[in-house]
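Structural description and commentary
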Amino acid sequence: MEDDSDHLEFSDHEIDDKKHDKIIANVLNLNKVQNVKSPYRTEPTTQISEFNLVKSLSNNHTVHINELTKTLKDRRKHAEIVQKLKSVSGRTKTLLKPLEKPQAERIKRTLNYEKSRLQLDRWEALVASNRSASQLRFPLGSVEKVKTIEKEAQVYPSTFRVKSELQKKIEALEPKVEEYRIDTDEANNEFPLTLSELKEKRKEAAKLRAHQHFKEAKARRQNKIKSKKYHRILRREKIKQKLKEFEELQKTNPEEALKKLDDIEKARAEERFSLRHKGTGQWARNKQVRAKYDKESRKELAQQLAVSRELTQKTKLTNSDSEDEAIESSNLPSKQANENNPWVNGVKPSKDVTDFVSGYRKFWNEVNSNAQEVNETDECEKPQATPANGVKMGKNKMKKMERTSNKNKPLSTLSNKVGCEKPQTTSANGVKMGKNKMKKMERNKNANKPPSTSSNNVSSTSDWEVSTIEAQLNQPLDVQDMFGIAEDKLNKKLNQKLKKIENKPESNNIKTNKKPKGVKQTFDLTIPKRNKKQIIDEEMLEQPRELNHDDNVNDNASENLNLTALKSIISNANKPDEPVNINPDKFIRVKQSQLDTAVPDISITEENEEGADQRDLIMEAFEDDDIAVDFEKEKAEEIDKDTPKDIDLNLPGWGSWAGTGINPNKRKNRRFIIKMPKKVPRRDANKGALIINEKAQAKIKPLLVSELPFPFKSVKDYEASIRAPIGRTFVPEKAFQKFIRPSVVTKMGAIIKPIDRSILTGVKIK
Amino acid sequence: MKVKVISRNPDEHLRETKLHIHKVQRNYDPDLHPFEAAREYVKALNAVKLDKVFAKPFLGSLDGHRDGVSTMAKHPSRISLLCSGAFDGEVRVWDLPQRTCTREFVAHDGIVRGIVYTITGDRFITIGDDKSIKTWSADEPAFGEDEEPVNTILSKTVLSGISHHYTDNTFATSGELCQLWDETRNEPLRTIEWGIDTLHDVAFNPVEGNILAACASDRSIILYDTREKLPLRKVIMKLKTNKLCWNPMEPFVFTTANEDYNLYTFDSRNLKKPVNVHMDHVGAVTYVDYSPTGREFVSGSYDKTVRIFEAEKGHSREIYHTKRMQRLTCVLWSLDSKYVLSGSDEMNIRIWKAKASEKLGPLKPREKAALRYSEALKEKYASHPQVKRIARHRHVPKHVYNAQGELRTIKERSKRKEANRRAHSKPGEVPFVPERERHVLKEER
């Protein structure tokens, strides 16, 4: 190449050097692609054109700083500069080449995506809650906007009044005390109620108002009723209610009951001495009727009135006596308490009340101190009722002794129980006695006898008691009698219970002792949660109209029934029959596990207690029959009925002559007999005294659920969800309404807008 | 002697005032109701049967278009209004309760590709094959006036889909590019592109308004953010996606109607695989629209049926078809979630009930309670075979039935083949791929 050029040079002398150089440069640069020339500074500028950014060519033309500094090296004067430049060049780094465009964009896109993902993530919780919500109402947040018009607090301006001279003076003497009130409402106003709270408040207020209104209306209605009978019934009912309460109180808190009794007595006494009932008694009324015609009765009436007048005067006089008595009987705790209180001291309870209370108290103390004693006395007092019990107890004890030692325990508890319950009865008796006493006292009063004497002879005999009761029966009912009757009833009940406990066989006693649950069963009556719903995600059964699939299935089924049965039998028969040798008696008897039935087994079985007896009865009744043999026979028949018979498909005359005198070929006939297996395995084959009807379930089976539906994890759960009824006829209205709540509720004609972002930000709807 | 008399105390059966409810004496002791379960079962069975008796979903058809219905649009605030466009460029506005056409005009040369109402509902925007975006007033022109668009924009590119923002005055069009427009401007605000494939559908997220999704002809679904210069992400499916719809109640969920007969529900935060695959169609699914409650969606297909799916389930709960209904081009769920509208190839728009046996109109409280009770019973006994069978039984056209059979054999075949391959190769070599992962090719960043 060079030779050629030389040759050219030599041959052509007139070639311009400049041009020649250019050409050479061009040729040399042919394979280097650099159309843009390397920049060179013409004049200083701050902006550098992007077009001048060129790949730096590592040729000799570029000047490096260190080359420049080389020239300065030997001069001491510039040593500093050299150092500086060196340090700078060491520190600086050239920037990395920017990423390729697709890569850069990808990074940007991923960043953007992450950002938007975060934005969407905020909805996660809300969406999850909406998905699992038992009910959604659309349009969402469509609670009607409550517009709360702020009512100006109706503060009436304190009217200005011209003050009189006196007023001014008084004010000067007693300067007005400035009162500061902390208004709680205002403090609350700092945090205004949310919409839901407001609504709740409103609802509550409305409810209250409605309730009030209802009550008012009822009261008004009742007030209008003029019927005396109605009012009488009402009064009686009230009294009954009170009595009931009192009874309950007596059981739970005798002290309190005592107090209450006190109050009741006081009320009664007040009513009595109000003299409103002067002429209202049965006797008085009878007399009044007769008074028109009968002189004597008139007289008697007048006398009676006079007596009453006298009595009232006398009671005022005897007050002082009662005071003395009160001091005497100061051992009463209630009295003591009253002494501490000066206000109460002024009011004195009526005498008979105090008497009664003292009597009751005594009885109570007695009872508590020696229950055993009372027990005995009680037995003494009621010889007619108790002997039988006593005998029975004795019997029980005998039995007890015979039984094993571990069975003694429950029995002892039983006796304890009896011991415990007796005192109660006696205490009740005590109350009765007290009342009887009071009756007597009243009578004493009528006879002008000092009541203190009667209170002294507290010790009572059974004779006395019986007579008083009989006397009471004829009289009209009043509070005391009611108490008495109530007590009687209580007594009776207790006695009955006692008897029951004693009569029960011991085994039952043991049971009751072991689990008190049997006596007092508690039921969980809460509404079962039904948050689990069956999710059926299956294809629909899609068929064209002409193709009625079900009928075909049925037809096929009826046709193939025999065949399939046969096949199954044959297949079963072919199986190696292992279980034949199993002896059922060798197996451990497993306790039968009960299936959950449709009806919860709530009934407390008192009949079970009689089970044993019944069995005995049955055994007795069928003593003569041999049940076992009968059963065997029955089972054999059943098995025989179920075993498939051979099918004879012979057609006489088919392929051979038939008729009288012609014996059909046995060997030929055998070919047309379809033989059934002799031994068909049965489920009850080894079960002994049991017949299993294998066909029984055939009808119900297609109606039962064969697979556990999706979200349920155990059969028990699913059964539980199915078992509880939801209908109006089976559950109360409230529960029914709860059960039938639809999962999505939409409003007719209302546009449902997409969910709003304000739900997330929590901006209140105003 | 005491004589016992049957006493009828009026307090026990008469109410105190007229305002009270009637007294009903009931004993809820379960011992007295030994057959409660059985009775409820029979009630449930009867309810299911009655459901079938009353299942008459077809309410009516709107006829008038002279070519297949290509697109429809719901009015944002009026349930009774519907706007539809046809393949011949005609646009009609319908009054649904009267089932009459209130307005008709030719809007475009060629197919009307999309119609949207503006947020206020006083205008609607149509796009067509003539590359123009026309804005029309929702009010009818006065007597004697011609139908004139309020505004016409000539786009530089072909347009195929349009979607309006739910709260702003912006809308997006798809075509060769995804463009964002302002109602007041004639130039697009922004153009977002990723690759050069055409987009045939675009949809604004109704809740998070800055998020946008589009379906491209390269079988991909692309997510955009209107605030960003670049798109967000792309997911490529095995077959083309025809239509996309966001769940209005779950802002990150969208469902796509795919060419492979299935619908896919995606969580836009995790595009690697769909959350759910909704099967049952036997033809390409052309359209999908969510119920405004977000619990269900309706899909129209090339197999001439409309199906209603529950959003969380893989199979449809309802199939609608009539003898004359041809291929579906668009289906809409009305904004009160009570009706479904379908537009099809054979020029008709049909109105259906969203719940086939629902009683329309106001219900009396007792009626309502009874219906709710039967609904609850049906739910309770849903998995009992008889109830299930009756509830899920549907008549379908023969071609659908046959296609189902065909598809079933195809599926079985491929399954068998896979099983065979698995059996005859090294363990682990032929992995089990769940159905949900089968249809997504890849997620592109």
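Residues numbered from 1 in each chain as written. Chains lettered and ligands numbered in written order. Predicted model: local features only at pLDDT ≥ 70, side-chain atom pairs only at ≥ 80, totals over all residues. Heavy atoms only, no water.

Some details on unusual backbone geometry
Residue proline 139 of chain A is reached from phenylalanine 138 of chain A by a cis peptide bond, and omega for that bond is -5°. The residue proline 139 of chain A is located in the loop between strand E1 (136-138) and helix H7 (165-173) in this model. Positive phi outside glycine occurs at tyrosine 261 of chain B, with the angle close to 75°. Structurally, tyrosine 261 of chain B can be placed in the loop between strand E19 (253-258) and strand E20 (263-267). (Helix = DSSP H or I, 4+ residues; strand = E, 2+ residues; numbered from the N terminus.)

Considerations on the interface of chain A and chain B
With 80 residues of chain A at the interface, the matching set in chain B holds 90 residues. Buried area between chain A and chain B, summed over both chains or domains, comes out near 7,700 Å², and the portion from carbon and sulfur atoms is 58%. For chain A, the biggest contributors to the area lost against chain B are Tyr113, Met540 and Phe730 of chain A; these three give 10% of the whole. Here chain A is connected to chain B by ten salt bridges. Here arginine 131 of chain A ties to glutamate 250 of chain B by a salt bridge, and the two come within 2.7 Å at their closest N and O atoms. The interface formed by chain A and chain B contains 35 residue pairs in polar contact (both at pLDDT 80 or more). Here the element with the most residues in the side of chain A that touches chain B is helix H5 (residues 101-121) of chain A; it accounts for 13 residues. Split by residue class, the side of chain A that touches chain B holds 43 nonpolar, 13 polar and 24 charged. Relative to strand E29 (residues 393-395) of chain B, strand E2 (residues 541-543) of chain A is paired through three bridges, and the arrangement is parallel. Opposite glutamate 542 of chain A, over in E29 of chain B, you have arginine 394 of chain B as the bridge partner. (Contact = heavy atoms within 4.5 Å. Buried area = accessible area lost by both parts, 1.4 Å probe. Salt bridge = Lys/Arg side-chain N within 4 Å of Asp/Glu carboxyl O. Polar contact = N/O pair within 3.5 Å; in protein donor to acceptor, adjacent residues only side chain to side chain. Nonpolar A, V, L, I, M, F, W, Y, C, P; charged D, E, K, R; others polar. Pairing = 2+ DSSP bridges.)

Brief notes about the packing of helix H10 (residues 228-252) of chain A against helix H11 (residues 254-273) of chain A
All names here are of chain A. At a closest axis distance of 6 Å, the pairing of H10 and H11 adopts a crossing angle of 145°. Touching Glu245, Phe246, Leu249, Gln250 and Thr252 of H10 are Pro254, Glu256, Ala257, Lys260 and Leu261, all from H11. Of the residues assigned to the contact of H10 with H11, the class counts are five nonpolar, two polar and three charged. (Axes fitted to C-alpha atoms, helices over the stretch in contact; angles between N-to-C directions.)

So, a positive patch on the surface
Residue and element names in this part refer to chain A. Together, Lys228, Lys229, Arg232, Arg235, Arg236, Lys240, Lys244, Lys251, Arg285, Lys489, Lys492 and Lys493 line one region of the surface with positive charge. Of all elements in the fold, only H10 and helix H22 (479-503) reach the threshold of two or more residues within the positive patch. Counting residues per element, the positive patch draws most heavily on H10, which supplies eight residues. In this structure, lysine 489 sits in helix H22. (Patch = residues over 30% accessible without salt bridge, like charges linked within 9 Å, V, L, I, M, F, W, Y side chains within 5 Å. Areas by Shrake-Rupley, 256 points an atom, 1.4 Å probe, with all protein chains shown as cover. Lys, Arg positive; Asp, Glu negative; His and termini not counted. Charge placed at Lys NZ, Arg CZ, Asp CG, Glu CD.)

Examining the sheet that holds strand E6 (residues 112-117) of chain B
Residues and elements named next belong to chain B. Ordered by their spatial adjacency, four strands build an open sheet running E6-E7-E8-E9, and the pairing between neighbours is antiparallel. Edge positions in the sheet fall to E6 and strand E9 (151-154), since each of these pairs with one other strand and no more. Strand-to-strand twist in this sheet, taken as the mean axis angle between neighbours without regard to direction, amounts to 15°. Pairing between strand E7 (residues 123-128) and strand E8 (residues 132-137): five bridges, direction antiparallel. Within E8, the position partnered with threonine 126 by the bridge is lysine 134.

Digging into the sheet that holds strand E15 (residues 211-216) of chain B
Strand-to-strand pairing in sheets goes through backbone hydrogen bonds, with the strands running parallel or antiparallel. Ordered in space as E14-E15-E16-E17-E30 (chain B), the five strands form an open sheet in which the pairing is antiparallel. Each edge of the open sheet is held by one strand with a lone partner, namely strand E14 (199-204) and strand E30 (440-444) of chain B. If you compare each strand with its neighbour and ignore which way they point, the axes differ by 15° on average. In terms of strand pairing, E14 of chain B meets E15 of chain B through five bridges, oriented antiparallel. Within the sheet, the bridge partner assigned to phenylalanine 204 of chain B lies in E15 of chain B and is leucine 212 of chain B. Strand contacts of H5 of chain A: E15, strand E16 (220-225), strand E17 (233-237) and E30 of chain B, with the helix running at about 120° to E15 of chain B, the strand carrying the most contacts.

Re the side chain of lysine 378 of chain B
Of note, lysine 378 of chain B is situated in helix H3 (residues 365-380). If we ignore the near neighbours within four places in the chain, the residues touching lysine 378 of chain B are Ala44, Ala47, Val48 and Asp51 of chain B.

So, the packing of aromatic side chains
A complete count under the given rule lists 13 aromatic pairs over all chains for this structure. On the basis of an interplanar angle of 70° and a centroid distance of 5.4 Å, the ring pair of phenylalanine 736 of chain A and tyrosine 373 of chain B is categorised as edge-to-face. Remark: tyrosine 373 of chain B occurs in helix H3 and phenylalanine 736 of chain A occurs in helix H29 (residues 733-739); the pair is interchain, linking two chains. A relative accessible area of 2% means that phenylalanine 736 of chain A is categorised as buried. (Phe/Tyr/Trp six-rings, centres within 6.5 Å; stacked < 30°, edge-to-face > 60°. Buried < 20%, exposed > 50% of the residue type's maximum accessible area, 1.4 Å probe, protein only.)

Description of the pairing of strand E10 (residues 159-164) of chain B
Residue and element names in this part refer to chain B. Counting buried residues in E10 gives six out of six residues, a clear majority hidden from the surface. As paired elements, E10 and strand E11 (residues 170-175) share five bridges and run antiparallel to each other. Counted as the bridge partner of serine 163 is alanine 172 from E11. Connecting E10 to the next strand, E11, in antiparallel fashion are five residues.

Let's talk about the confidence of the model for chain A
Residue and element names in this part refer to chain A. Here chain A shows a mean pLDDT of 68. Residues at 70 or above account for 52%. Taken together, the stretch residues 505-519 has pLDDT below 50 and engages in 16 contacts with residues farther than four places along the chain or on a different chain. Below a pLDDT of 50 lies the segment residues 549-561, which in the model reaches three contacts outside its immediate sequence neighbourhood of four places, other chains included. (pLDDT = per-residue confidence, 0-100.)

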